[in-house]
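As a plain string of letters, each chain reads:
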Amino acid sequence: MEPFIRNDQFNFIKDQALVLANSHSAVNDKAVLNAIKSLSEEKVMNLFSNINEEQKQLLAPISAIKDKTNVEDFLSQLKPFVIPFKKVTEQCKRKIIPTCQPDGDRVII
């Protein structure tokens with residue numbers, strides 16, 4: 001499976017996973033916990049417009065999170081599917097900062 005999760009989506013998923021972990025330690029009502037689980041799972045699934053079954057199965061374990069250890073395990077499974085940032089080339093650096101000239105230990109702009 002190819003990477004399909006953008007960095008901002010990964011951070012949102014991480015936040016939702018932490019919400020679930022914190023809810024398990026702060027909420028005693030099962031109905032409230034189930035509502036939080038459903039909302040978190042729905043929010044995560046709605047991040048993606050075209051998602052296939054394999055990708056859904058990768059994201060589905062979010063509803064099973066109960067503590068921070070579960071969060072770490074879940075996120076480590078997702079990390080290989082995060083789209084990496086593009087490498088910045090020297091040409092791109094010069095284009096972004098064209099007037100920057102190194103002068104020994106300092107940079108003259």
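Look up a bit, the structure's there.
Quantities reported herein were computed from a predicted structural model and do not represent experimental measurements.

Rules behind the numbers
- Residues numbered from 1 in each chain as written.
- Predicted model: local features only at pLDDT ≥ 70, side-chain atom pairs only at ≥ 80, totals over all residues.
- Heavy atoms only, no water.
- Salt bridge = Lys/Arg side-chain N within 4 Å of Asp/Glu carboxyl O.
- Buried < 20%, exposed > 50% of the residue type's maximum accessible area, 1.4 Å probe, protein only.
- Helix = DSSP H or I, 4+ residues; strand = E, 2+ residues; numbered from the N terminus.

So, about the pattern of salt bridges. This model, assessed by the stated rule, comprises two salt bridges. In this structure, Asp-8 and Arg-6 form a salt bridge, with 2.9 Å as the shortest nitrogen-oxygen distance. Residue class for Asp-8 comes out partly exposed when judged on its relative accessible area of 44%. Where Lys-56 meets Glu-53, a salt bridge forms, and the shortest distance between an N and an O atom there is 3.8 Å. Of this pair, Lys-56 and Glu-53 are both found in helix H3 (residues 53-59), three residues apart, which corresponds to roughly one turn of the helix. The exposure class assigned to Lys-56 is partly exposed, which follows from its relative accessible area of 33%. Classification of Glu-53 as exposed rests on a relative accessible area of 52%.

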